[in-house]
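Survey of secondary and tertiary structure
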Amino acid sequence: MKITKVETFLVRWGDVARLPTEAASGTATAVVAIHADGMVGYGEASPMQGGVASLAVIARDMAPALIGADVLDHAVIVDRLLHKLIKLGPDGIVTGALAAVDIALWDLKGKAFRQPIHKLLGGAWRTRIPFYASIGGHAARDVDGVVKTVEARLKAEQPSAIKIRWDGARGEIDRDIAGDIAKARAVRRLVGDDFPLAFDANNRYSIGAAIRVGRVLEDLGYIWFEEPVEYYHFKAMGQVAQRLDITVSAGEQCYTLQSVAALIDSGVRMVQPDIVKMGGVTGLMQCAALCHAHGVEFVPHQTQPSIGNAANLHVLATVMHATKPAELADDWARAADTFIDAPRPDAGCLVVPDGPGLGLAIDDAMLARRRVDVRG
Ligand code: CA
């Protein structure tokens, strides 16, 4: 299965009739398409800053090595590329790019063997996976605005759980602790005592404030407390995790297996690697094994509506010890007219695709309208 062509492009979201000529950062999905034996495998890169930097690295530095390589040498190809480019820095652009390549190669292998990826990974423990609605932007709302936003998503999507996110200004900490607590209380009142809730601080607290907020969340029955302190302060994250009874989670900003291991070593008991940042399908399976070895909860972060979401579900299907629902982020429907059968909410669950590879069908005409090529 020789690779014959590698394409890198953005798929822009929004009203297709009003799309600007140039893609704006944050409104597109970064896609790699790898061709072999008349088939195409699709992968998605980390969307940070639109994913443009990762696509440029694929086009300039990875594509020449991919052309002519055998798809079934997948693991060797990916490790060779990582170590070739490691001095660009393994955390970020390069690993986001490799995640896309890895997902595309798995999609190709599944299509070649006419099997869904989860079958190639060892089989599914479940094919319907409960999801939680991840609802962001609450730093900018008042209490009433938070409640109305959560209520609308609850009605529209009927999730199995809800996570409220703050998305405040980066680098600004402990800005409105009392306000944050008031919003957490109001959401608990809205959903009732038994509905599963999670609280994502988006790295906005000092250690002391995190512990104070965490104690309130314990009283309110929240089931996890996500990224209470800056992600790069692994020791502080571990200290908060070890001092609270509520499960403290982190890991969406880890780009290597080694950084996930360091987070676990710090004392964090639930990790959230993201398939489009951290090694693709192969990397996420390695994280699952690492978590299994340490008795740590494995609950991937996942904000992408189509390729990333489908790839994540294939991995989650294979995890024996699933403890929390899968993430479904805001605006998941932005993929619906292009990735026409992308997983969508269905009675509190997402259904794992069962077609070959990722199991995604693409409307080629719509893809062409939304596509902007990125070159190296
Ligand atoms: Ca988060």
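So, a few notes on the structure that sits alongside this text. Only a predicted model underlies this, so the values are computations on that prediction, with no experimental measurement involved. (Residues numbered from 1 in each chain as written. Predicted model: local features only at pLDDT ≥ 70, side-chain atom pairs only at ≥ 80, totals over all residues. Heavy atoms only, no water.)

This part is about the pattern of salt bridges. Applying the stated criterion to the full structure yields 17 salt bridges. A salt bridge links E226 to K163, with the shortest nitrogen-to-oxygen separation between them at 3.0 Å. Of the two residues, E226 is situated in strand β7 (residues 224-226) and K163 in strand β5 (residues 161-165); the sequence distance between them amounts to 63 residues. Both residues of the pair, E226 and K163, count as buried. Residue E327 pairs with K163 through a salt bridge whose shortest N-O separation is 3.4 Å. With E327 in strand β11 (residues 326-328) and K163 in strand β5, this residue pair connects regions lying 164 residues apart in the sequence. Its relative accessible area of 0% is what places K163 among the buried residues. (Salt bridge = Lys/Arg side-chain N within 4 Å of Asp/Glu carboxyl O. Helix = DSSP H or I, 4+ residues; strand = E, 2+ residues; numbered from the N terminus. Buried < 20%, exposed > 50% of the residue type's maximum accessible area, 1.4 Å probe, protein only.)

The next subject is unusual backbone geometry. The backbone of R114 sits at a positive phi, close to 55°, despite the residue not being glycine. With respect to the helices, strands and loops of the structure, R114 is situated in the loop between α3 (93-113) and α4 (117-120). Assessed through its relative accessible area of 68%, R114 is described here as exposed.

Turning next to the sheet that holds strand β2 (residues 28-36). With respect to topology, 4 strands assemble into an open sheet ordered β3-β2-β1-β13, the strand pairing being antiparallel. Sheet topology places β3 (39-44) and β13 (371-373) at the edges, where each strand pairs with a single neighbour. Strand-to-strand twist across the sheet, computed as the mean angle between neighbouring axes with direction ignored, equals 35°. Together, β1 (3-12) and β2 form the strand contacts of helix α1 (residues 52-66), whose direction differs from that of β1 by roughly 175°. (Pairing = 2+ DSSP bridges. Axes fitted to C-alpha atoms, helices over the stretch in contact; angles between N-to-C directions. Contact = heavy atoms within 4.5 Å.)

Let us look at a nonpolar patch on the surface. A contiguous nonpolar surface patch, about 280 Å² in accessible area, is contributed by L72, F113 and L120. Summarising the element assignment, F113 is placed in helix α3. Using a relative accessible area of 49% as the deciding quantity, one classes F113 as partly exposed. (Patch = residues over 30% accessible without salt bridge, like charges linked within 9 Å, V, L, I, M, F, W, Y side chains within 5 Å. Areas by Shrake-Rupley, 256 points an atom, 1.4 Å probe, with all protein chains shown as cover.)

As a further point, take the packing of helix α9 (residues 257-266) against helix α10 (residues 280-294). Here α9 crosses α10 at 25°, and the two axes come no closer than 10 Å. Compared by their axis directions, α9 and α10 come out roughly parallel. Classified by chirality, the crossing of α10 by α9 is right-handed. Of α10, the residues touching α9 (which contributes L257, V260, A261 and I264) are Q286, C287, L290, C291 and H294. (Parallel < 35°, antiparallel > 145°, perpendicular 65-115°, else oblique. Left-handed = near helix turned anticlockwise from the far one by under 90°.)

Fair warning: the whole summary comes from geometry, so function is off the table for now.
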